[in-house]
Amino acid sequence: MTNKQAAIHIIKQLHRHGFQALLAGGCVRDMLLGRRANDYDVATDAKPPDVIKLFRRTLNVGAKFGVVIVLIENRQVEVATFRTEADYSDGRHPGSVEFASAAEDASRRDFTINGMFYDPLRKEVIDHVNGQADLKRQIIRTIGEPAERFAEDYLRMLRAIRFSTQLGFPIEPTTWSAVCRYAKEITNISGERIAIELEDILAHPNRAAGASMLIESGLAKAVFSGFTGNQAKLSIDILSQLPKRLDFPLALAALFAGCETQFAIECCEVLKLSKNQNNHIKSLLIDRGKLLDEEMSLAALKKILAKPYFWDLFELQKAIRKATDQNITALTKLRKRIKALGDVDLQPKPLLNGHDLIRLGAIPGPALGQLAEEMYIAQLEGALQTPQQAEEWARHWLQKYTTHY
Ligand code: ATP
Ligand code: MG
């Protein structure tokens, strides 16, 4: 069963019990555009307790706000009661919800193209907000006065850019001026919510257009204070040179490629990313530039290749070179060297361990660490291939060490 079939199954069941039930929001937009929808949301006049009673398996995630998740086979469908959202006192979450008509539910939604319903049983679009016309015109426009709608929830400014990026539709001029005018207010929104929209913008192949709107509107500067000017322009060019598909950390590293690493890391803190994502970004920024060393030793190459984000680093470096009109010969050579390595073990077990070295006469302490590191480099270089060779090499090293000190 697909998500869509599960949603239609739920709609039929609600109908049978005398309720109105429709597909709502993003999935209607995507169906009309002939795109595959992410998720199929159902909107209904049934109240959460009715929905919970009608289906065997439900998750009560936000019945207070009128939302119940219905589980059908292995699918989850969000079933939301038609509602208005009143009292946005903090520009973040609605203070309260009131159950309402379908028309009122449409008008609380963000953009006209996201405000339509579809009745799958009658095969009919229900459009209270002129969404179909804007879908034909290919524009992103708020439902109602943009300034008012943004003041209710400033995240909508980022969402406007997100939909514009994903769909390739421009933002309608009045909506756009309001984004620019209220960009500073984005700081009222939590970093986590900002990160979700930002990821959708920057992970999309059309990310350079998205970044350029973020910068032009002043949203980028507001989210990442101090991020302006030339750095920002360079980021757009770098983002446009990245591969189509990528992970959010690579996109963020590219966004900040023109900045000092410490500044970039501080900017990313705003987004409250996971430790893993932060480390990923940090290592890309710290290591940028390293791949351009054509004289890189075999050991250094193996070490950097063994890093988990090596290929992201490669793509980032390539994008930086291209965006700044510099050749990528060093990277092409590097790729050839890597290919020539075949499937060699990048992180082999050291030929001798600490105990072995102590047995050979090394004294525990920093010198032992130094010996082990140098021996491992010789191993990665291919100079040492057997424990016997390593032993001989270590004895020699220890002799030199002892005579020196
Ligand atoms: P996607 O296909 O990427 O999931 P979507 O349109 O479904 O896009 P969601 O974020 O999943 O977007 O939200 C579902 C629907 O809920 C939207 O289409 C819109 O009607 C409404 N909506 C979501 N967030 C807001 C918001 N901040 N303000 C007003 N309406 C919103
Ligand atoms: Mg959705």
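Everything numeric in this text was worked out from a predicted model, so none of it was measured.

Rules used in this analysis
- Residues numbered from 1 in each chain as written.
- Chains lettered and ligands numbered in written order.
- Predicted model: local features only at pLDDT ≥ 70, side-chain atom pairs only at ≥ 80, totals over all residues.
- Heavy atoms only, no water.
- Helix = DSSP H or I, 4+ residues; strand = E, 2+ residues; numbered from the N terminus.
- Polar contact = N/O pair within 3.5 Å; in protein donor to acceptor, adjacent residues only side chain to side chain.
- Contact = heavy atoms within 4.5 Å.
- Patch = residues over 30% accessible without salt bridge, like charges linked within 9 Å, V, L, I, M, F, W, Y side chains within 5 Å.
- Areas by Shrake-Rupley, 256 points an atom, 1.4 Å probe, with all protein chains shown as cover.
- Salt bridge = Lys/Arg side-chain N within 4 Å of Asp/Glu carboxyl O.
- Lys, Arg positive; Asp, Glu negative; His and termini not counted.
- Charge placed at Lys NZ, Arg CZ, Asp CG, Glu CD.
- Buried < 20%, exposed > 50% of the residue type's maximum accessible area, 1.4 Å probe, protein only.
- Domains from an automatic or database assignment.
- Pairing = 2+ DSSP bridges.
- Axes fitted to C-alpha atoms, helices over the stretch in contact; angles between N-to-C directions.
- Near = heavy atom within 4 Å.
- 1 Å grid on protein atoms, 1.4 Å probe; cavity = no way out; pocket = protein on both sides within 12 Å on 5 of 7 lines; lining within 4 Å.
- Points joined across faces, edges and corners; volume = space filled by probe spheres on them.

(A) Quick look at the side chain of His 280. Of note, His 280 is situated in helix α15 (residues 275-287). Here Asp 312 takes part through its side chain, which lies 2.8 Å from a polar atom of the side chain of His 280. Those residues in contact with His 280 that lie beyond four places of it in its chain are Pro 249, Tyr 309 and Asp 312.

(B) Main features of a positive patch on the surface. Taken together, the side chains of Lys 4, Lys 12, Arg 16 and Lys 123 define a basic patch exposed on the protein surface. Relative to the helices and strands, Lys 123 is located in the loop between β8 (117-119) and β9 (124-126). The class of Lys 123 is exposed, set by a relative accessible area of 65%.

(C) Geometry of the pattern of salt bridges. For the structure on display, the rule yields 19 salt bridges. A salt bridge links Lys 290 to Asp 287; the shortest N-O distance between them is 2.8 Å. The exposure class assigned to Lys 290 is partly exposed, which follows from its relative accessible area of 42%. Of the charged contacts, one joins Arg 359 and Asp 356 as a salt bridge, the two residues approaching to 3.6 Å between their closest N and O atoms.

(D) Molecular detail of the domain arrangement of the protein chain. Assigned domains of the protein chain: these are domain 1 (1-129), domain 2 (138-286), domain 3 (287-341) and domain 4 (354-404). Spacing between the C-alpha centres of domain 1 and domain 3 amounts to 49 Å.

(E) Up close: the sheet that holds β8. Taken in spatial order, the seven strands of this open sheet run β3-β4-β5-β2-β1-β8-β9, and their pairing is mixed. The open sheet has two edge strands with one neighbour each: β3 (58-62) and β9. The sheet shows a mean angle of 35° between the axes of neighbouring strands, taken without regard to direction. Inspection of the sheet shows β3 paired to strand β4 (residues 67-72) by three bridges, in the antiparallel sense.

(F) Geometry of unusual backbone geometry. Despite not being glycine, Asn 130 has its phi angle at roughly 60°, a positive value. Take Asn 130: it is sitting in the loop between β9 and α5 (131-137). With a phi angle near 60°, Gln 138 is a residue other than glycine that sits in the positive phi range. Position of Gln 138 among the secondary structure elements: in the loop between α5 and α6 (146-152). For Gln 138, a relative accessible area of 41% gives the class partly exposed.

(G) The site of ligand 1, seen in detail. Taken together, the neighbourhood of ligand 1 is formed by 15 residues, with Arg 29, Asp 153, Arg 156, Arg 159 and Arg 162 sitting nearest. Arg 159 is positioned with one of its side-chain polar atoms (N or O) 2.8 Å from an oxygen atom of ligand 1. Measuring from an oxygen atom of ligand 1, one finds a side-chain N or O atom of Arg 162 at 2.7 Å. Notes on ligand 1: free accessible area 590 Å², of which the protein chains cover 81%. Going through the elements one at a time, α2 (26-33) and α7 (155-167) are the ones with two or more residues in the shell around ligand 1.

(H) Representation of empty space enclosed by the protein in the model. With the rule as written, the count across this model stands at one cavity of 30 Å³ or more. The computed volume of the largest cavity comes to approximately 60 Å³. Lining the largest cavity, in full, are Leu 198, Ala 211, Leu 214, Ile 215, Leu 219, Ala 220, Val 223, Phe 224, Phe 227 and Leu 255. Listed by contribution, the elements that provide at least two residues to the lining of the largest cavity are α10 (207-217) and α11 (219-223).

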